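# Structural features, examined
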Amino acid sequence: IKKQQQDVLGFLEANKIEFEEKDIAANEENRKWMRENVPEDSRPASGNPLPPRLFNDSRYLGDYEAFFEARENNAVYAFLGLTAPPGSKVSVHVSHHSL
């Protein structure tokens, strides 16, 4: 999980995409927010969704595998729901778990 989180955050930082991290380990509100905003069909059969999960505001974008696939296809901006050119201000939430 830690490596995946660093991979996502590193990409966002390198491309100057503004983001907000939501730590679900230390904050019950963030855990609750993530559970409520990950769609039913994207949740594991049992237990809670594992981070990292990406959101644009409260719109669920996907998990690490979806992010990785978008990056491999040079489609990260579309995946993130962004039409703005690199360098402009955007808001992406990354739910993560502090280890």
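Below or above, wherever it landed, is the structure these notes cover. (Residues numbered from 1 in each chain as written. Predicted model: local features only at pLDDT ≥ 70, side-chain atom pairs only at ≥ 80, totals over all residues. Heavy atoms only, no water.)

## Let's talk about the pattern of salt bridges
Oppositely charged side chains are able to pair whenever their charged atoms sit close together. Using the following cut-off: Here a salt bridge means any side-chain nitrogen of Lys or Arg lying within 4 Å of a carboxyl oxygen belonging to Asp or Glu. Categorising residues by exposure relies on relative accessible area from a 1.4 Å probe, with only protein chains included: less than 20% of the type maximum marks a residue as buried, more than 50% marks it as exposed, and the intermediate range marks it as partly exposed. Secondary structure elements are taken from DSSP: a helix is a run of H or I of four residues or more, a strand is a run of E of two residues or more, and numbering for both begins at the N terminus.
This model, assessed by the stated rule, comprises six salt bridges. Between Lys22 and Glu20 there is a salt bridge whose closest N-O contact spans 3.9 Å. By relative accessible area, Glu20 is classed as partly exposed at 37%. A salt bridge links Arg31 to Glu28; the nearest nitrogen and oxygen atoms lie 2.6 Å apart. Of this pair, Arg31 and Glu28 both sit in helix H2 (residues 28-37), three residues apart, which is roughly one turn of that helix. Given the relative accessible area of 26%, Arg31 is considered partly exposed. Through salt bridges with shared partners, a single ionic network connects Glu28, Arg31 and Arg35.

## Thoughts on unusual backbone geometry
In this model, Pro51 is joined to Pro52 through a cis peptide bond whose omega is -5°. For Pro52, the position within the fold is in the loop between H2 and strand S2 (53-56). In the Ramachandran plot, Lys16 falls in the positive-phi region, its phi being about 50° despite a non-glycine side chain. Structurally, Lys16 can be placed in the loop between helix H1 (2-14) and strand S1 (19-23). Even without a glycine there, the phi angle at Asp57 is positive, about 55°.

## Observations regarding the pairing of S2
Cut-off, in case you're wondering: Pairing between strands requires that DSSP locate at least two bridges from one strand to the other.
Of the two faces of S2, the one lined by Arg53 and Phe55 and the one lined by Leu54 and Asn56 are each fully buried. Bridging between S2 and strand S3 (residues 59-63) involves four bridges; their strand directions are antiparallel. Across the sheet, Arg53 pairs through a bridge with Asp63, a residue of S3. From the end of S2 to the start of S3, which pair antiparallel, there are two residues, and Asp57 there has a positive phi angle of about 55°.

## Digging into H2
How we decide: Summarising the geometry, the arc corresponds to the directions from the helix axis toward the C-beta atoms. N or O atoms within 3.5 Å of each other form a polar contact, as long as, within protein, one can give a hydrogen and the other can take it, and as long as residues adjacent in sequence are counted only when both atoms are side-chain atoms.
What H2 keeps buried is the set Asn30, Trp33, Met34 and Asn37. Along H2, the residues classed as buried sweep out an arc of 95° about the axis, all on the same side. Sitting at the amino-terminal end of H2 is Asn27, which places a side-chain oxygen 2.8 Å from the backbone nitrogen of Glu29.

## Here's the deal with the nonpolar core
Selection rule: We define a nonpolar core as any set of buried Ala, Val, Leu, Ile, Met, Phe, Trp, Tyr and Cys residues linked to one another through side-chain atoms lying within 4.5 Å. Working rule for contacts: check all heavy atoms of both residues, and any pair within 4.5 Å makes them a contact.
Ranked by internal contacts, the top residues of the largest apolar core, which has 15 residues, are Val8, Leu12, Leu54, Phe67, Phe79 and Leu80. Broken down by secondary-structure element, the contributors of at least two residues to this core are H1, helix H3 (64-72) and helix H4 (76-79). Per element, the largest residue contribution to this core is four residues, and it comes from H1. Those residues within four positions of Val8 in sequence are excluded, and the remaining contacts are Leu54, Tyr64, Phe67 and Val94.

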